[in-house]
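# Breakdown of the fold
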Protein chains: 2
Amino acid sequence: MATQAAARTRSRTPLSKQRVLRAAVELADKSGIESLSMRKLAQELGVEAMSLYNHVRSKEDILDGVVDVVIGEIAVPPKTSDWKTSLRQTLMSARMVLVRHPWAPRVIESRTNPSPATFQYFESVIGILRAGGFSVDMTHHALHVLGSRVLGFTQELFKDSDELTAGPAAAAMFAQLADKFPYMTEMAMAVSHEGALGGCDDDAEFEFALDLILDGLENQRVAD
Amino acid sequence: MATQAAARTRSRTPLSKQRVLRAAVELADKSGIESLSMRKLAQELGVEAMSLYNHVRSKEDILDGVVDVVIGEIAVPPKTSDWKTSLRQTLMSARMVLVRHPWAPRVIESRTNPSPATFQYFESVIGILRAGGFSVDMTHHALHVLGSRVLGFTQELFKDSDELTAGPAAAAMFAQLADKFPYMTEMAMAVSHEGALGGCDDDAEFEFALDLILDGLENQRVAD
DNA sequence: ACCTGAACACCGTTCAAGT
DNA sequence: ACCTGAACACCGTTCAAGT
């Protein structure tokens, strides 16, 4: 009975997806992302590797969840100040989060589907720009200019949006999405209707971003 | 003898590091980076996995080499035109290369030491800016602004430069480096001598880059 | 309902043995 | 000098068996 109690104490908190994901983030922070294996993660939780599969579908599922946790740490300020201040604060917060989890960019880049928190985050950034007077098109450009500074996966996110709008019986799901993410839906629609193939012109966006940066550098060339 | 000839034909080109690296890039292009294992790569070359170790030290060594090959594909234009045109062409070429090898950014990000080609590439970019009238400090800022557009590893590169300058008997090696990479050496020196801890202030650089971009967006806000 | 032991198909890598 | 078979320590994952 004494040993039973001890055993129960050691793993008193029952396993859950939340707990698994939090442990995964901690392990990656502590030992690097290459140390994040099912076996080591289980060990960290005082359990066998196979037990994890009762709470997550696969390791990919864990990585998806870990990205969700990390992106969820980004603080988005309330929409009281002007767009520039809000956007600046948001991106500074994003940077702080990525400095805290240096392995995160690589994991984020490896995901194929954006997580709920990612959707929410983009909705916020887009909302800041729209409320600040940017047109839908200009907001879209702005996202590309911010590029990896907004996390580095703008491209994939909108590739996905295109698929959503193109789907056959996806109308209902889309309407539901529009409720939760009005700004993002607005932009996804505009981008899809623009090009011939329904996508955004990545080459043109890259050049737009590059030229904005080059012009900015030109203005500062003789400063400092 | 017939069979011997056939066998020799199948693997007539002797293995070499060059051939291993080229095969690795091809395999990653064809099947994705997650398919790049020692065993599959060996199979692609008609050889056993263990044979690869005669030409590379480890898988990490292969990934280092693969990054070197990819960065080496970036075309740097001759220094005839103005800095803006040269830089634009260079970055457009970099983009083309990364579009051709979509797995490359993640591998680049995972390297801890910059490869020779990376050094050469940065030397070229820095050279374009210096020749274009940018001060050493402003050139340094510009690299940070271009950020992931110049590949996304500015930070690591200069962290390393700091170690180089700080080393004890590293003076000789440094002099040799200065010969080959005069522009980069110039900047590395300036950056090291600046801060209290001999490094560049990443936070300040991030804010500089962010503000340049935000100002650029502000100017374009009502355009389009 | 949740956890586990054994097993499978894969990894990277070493080393002694082959030619 | 270059290649290989067998072996080792690791992976992610499945499944039947335990509680």
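Residues numbered from 1 in each chain as written. Chains lettered and ligands numbered in written order. Predicted model: local features only at pLDDT ≥ 70, side-chain atom pairs only at ≥ 80, totals over all residues. Heavy atoms only, no water.

### Digging into the protein's contact with DNA strand D
In the vicinity of DNA strand D there are 16 residues, among which Met38, Arg39, Tyr53 and Lys59 of chain A together with Ser51 of chain B approach most closely. A share of 54% is what sugar and phosphate atoms reach among the atoms of DNA strand D within 4 Å of the protein. Tyr53 of chain A has a polar side-chain atom sitting 2.8 Å from a phosphate oxygen of DNA strand D. Ranked by the residues each element gives to the surface near DNA strand D, the list is headed by helix α3 (residues 38-44) of chain A, at three residues. Among the residues forming the surface near DNA strand D, the class breakdown is six nonpolar, five polar and five charged. (Near = heavy atom within 4 Å. Polar contact = N/O pair within 3.5 Å; in protein donor to acceptor, adjacent residues only side chain to side chain. Helix = DSSP H or I, 4+ residues; strand = E, 2+ residues; numbered from the N terminus. Nonpolar A, V, L, I, M, F, W, Y, C, P; charged D, E, K, R; others polar.)

### With respect to the protein's contact with DNA strand C
Around DNA strand C sit 17 residues, and of these Ser51 of chain A together with Met38, Arg39, Tyr53 and Lys59 of chain B come closest. Counting only the atoms of DNA strand C that lie within 4 Å of the protein, the sugar and phosphate share comes to 53%. Within the side chain of Ser51 of chain A, one N or O atom sits 2.7 Å away from a phosphate oxygen of DNA strand C. In the environment of DNA strand C, a phosphate oxygen lies 3.0 Å from a nitrogen or oxygen atom belonging to the side chain of Lys40 of chain B. Examining the composition of the surface near DNA strand C, we find that three residues originate from one element, helix α3 (residues 38-44) of chain B, more than from any other. Here the surface near DNA strand C is composed, by residue class, of seven nonpolar, five polar and five charged.

### Observations regarding the domain arrangement of chain A
Residues and elements named next belong to chain A. Structurally, chain A comprises domain 1 (2-56) and domain 2 (76-153). Each side of the interface is counted separately: domain 1 has four residues, and domain 2 has five residues. Carbon and sulfur atoms supply 69% of the area buried between domain 1 and domain 2, which totals about 380 Å² over both sides. Contact with domain 2 buries surface across domain 1, with Val25, Asp29 and Ile33 losing the most and accounting together for 84% of the total. (Domains from an automatic or database assignment. Contact = heavy atoms within 4.5 Å. Buried area = accessible area lost by both parts, 1.4 Å probe.)

### Focus: the interface of chain A and chain B
Interface size is often expressed as the accessible area that is lost when the parts come together. Contact with chain A, which involves 43 residues of that partner, is made by 43 residues of chain B. Summing both partners gives a buried area of about 4,400 Å² for chain A against chain B, and 62% of it is carried by carbon and sulfur. Where chain A touches chain B, the interface holds eight salt bridges. With a shortest N-O distance of 2.7 Å, Lys84 of chain A and Glu218 of chain B are connected by a salt bridge. The tally of links from chain A across to chain B stands at eight residue pairs in polar contact (both at pLDDT 80 or more). Looking at the side of chain A that touches chain B, the elements that each hand over two or more residues are α5 (83-100), α6 (104-110), α8 (136-146) and α12 (202-220) of chain A. (Salt bridge = Lys/Arg side-chain N within 4 Å of Asp/Glu carboxyl O.)

### Points about the packing of aromatic side chains
Geometrically, a pair of aromatic rings is defined through the distance of the ring centres and the angle of the planes. Following the criterion strictly, the structure yields six aromatic pairs over all chains and no others. Both rings, one in Tyr121 of chain A and one in Phe122 of chain A, keep their centres 6.0 Å apart while their planes meet at 85°; by these two values the pair is edge-to-face. (Phe/Tyr/Trp six-rings, centres within 6.5 Å; stacked < 30°, edge-to-face > 60°.)

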